[in-house]
Amino acid sequence: ASQRDLDEAVAAFDAWVQPDETERRRADDLFARITQTINEVDPFARVELRGSRASGCALFDADVDVVVEVMLTLEAVAEALGEAEWSRGAELIRARVPIVTGKDASTNLAFDVATTQDAARQAAHAYGSDLNDASFAQHRPPHFASTVRLCKVVLRQTGLGGAYGGGLGSFALCALVFDILRRASHGT
């Protein structure tokens, strides 16, 4: 097989595993419902999309990662999302970085919500304060998103996907791929 054949196979695989228009629309709709629910409790809350959907590295079944800057507690956010008609199984997970997890009742699409303070603490602890999801969306090396998606599938199939299960989380994977591709493009 030639390099061109491999490039074409990787491109075809990438097109297959990334979200299609319907899947992107469902995720956008879920993000809008999360935002609306949080803004009903705190009209001044700033709600931002984060994670692989924000950085353009999502697989078709990726969850919707949200970070909220609120005056409320994460407990209040969890309660509001738990009471929302569209939400199912929303609960507060008290981990090193506390999050609210749940699913959209109609699409079964998962979501995670953290506060800006907790998300910043996680990123600064693990990767330094100058690295965030926006880093992966701007000035990224060629083939970044397709390489991340390919690695996510391989990690998932080998049982090493997801930080909470002892594997490599999406943010860490993005940081790793970003650095490797950046160094390769600079010849270092």
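A quick note: this is a predicted structure, and the numbers were derived from the prediction, not measured. (Residues numbered from 1 in each chain as written. Predicted model: local features only at pLDDT ≥ 70, side-chain atom pairs only at ≥ 80, totals over all residues. Heavy atoms only, no water.)

Draft legend 1. Region of interest: the sheet that holds strand E3 (residues 87–93). The mixed open sheet is built from 5 strands, whose spatial order is E1-E2-E5-E4-E3. Every other strand in the sheet has two partners, leaving strand E1 (46–50) and E3 as the edge strands with one partner each. Strand-to-strand twist in this sheet, taken as the mean axis angle between neighbours without regard to direction, amounts to 25°. Judged from the 5 bridges that link them, E1 and strand E2 (residues 64–69) form a sheet pairing that is antiparallel. The residue bridging Val47 from the neighbouring strand is Val68, located in E2. Across the sheet, helix H4 (residues 74–83) is in contact with E3, strand E4 (99–104) and strand E5 (110–115); its angle to E3 comes to roughly 165°. (Pairing = 2+ DSSP bridges. Helix = DSSP H or I, 4+ residues; strand = E, 2+ residues; numbered from the N terminus. Axes fitted to C-alpha atoms, helices over the stretch in contact; angles between N-to-C directions. Contact = heavy atoms within 4.5 Å.)

Draft legend 2. Examining the packing of aromatic side chains more closely. Inspection of every chain in the model, using the stated rule, returns 3 aromatic pairs. Ring geometry for Phe144 against Phe178: centres 5.8 Å apart, planes inclined by 85°, an arrangement best described as edge-to-face. Taken together, the positions of Phe144 in helix H7 (residues 144–157) and Phe178 in helix H8 (residues 170–186) put the pair 34 residues apart, joining distant regions of the chain. Here Phe144 and Phe178 have matching classes, each one buried. (Phe/Tyr/Trp six-rings, centres within 6.5 Å; stacked < 30°, edge-to-face > 60°. Buried < 20%, exposed > 50% of the residue type's maximum accessible area, 1.4 Å probe, protein only.)

Draft legend 3. Layout of the nonpolar core. Formed by 21 residues in total, the largest nonpolar core has its most connected members in Ile34, Ile38 and Val113. Listed by contribution, the elements that provide at least two residues to this core are helix H2 (21–41), E2, H4 and E5. Ile34 has contacts with Val66, Leu81, Trp86, Phe111 and Val113, leaving out every residue within four places of it along the chain. One finds Cys57, Val148, Leu155 and Val177 within the second-largest nonpolar core, a separate group that totals 9 residues. (Core = buried A, V, L, I, M, F, W, Y, C linked by side-chain atoms within 4.5 Å.)

Draft legend 4. Layout of the packing of helix H1 (residues 3–17) against H7. Look at H1 against H7: their axes get within 10 Å of each other, and the N-to-C directions meet at 75°. In terms of orientation, H1 lies roughly perpendicular with respect to H7. Here Phe13, Asp14 and Val17 of H1 lie close against H7, whose contacting residues are Ala145, Ser146, Arg149, Leu150 and Val153. For the contact of H1 with H7, the class distribution of residues is 5 nonpolar, 1 polar and 2 charged. (Parallel < 35°, antiparallel > 145°, perpendicular 65-115°, else oblique. Nonpolar A, V, L, I, M, F, W, Y, C, P; charged D, E, K, R; others polar.)

Draft legend 5. Examining the packing of H2 against H4 more closely. At a minimum axis separation of 10 Å, H2 and H4 run at an interaxial angle of 120°. The pairing of H2 with H4 is recorded here as oblique in orientation. Both H2 and H4 take part in a crossing whose hand is right-handed. Across from Ile34, Thr37, Ile38 and Val41 in H2, the residues of H4 making contact are Val77, Ala80 and Leu81. (Left-handed = near helix turned anticlockwise from the far one by under 90°.)

The analysis is restricted to geometry; functional conclusions fall outside its scope.
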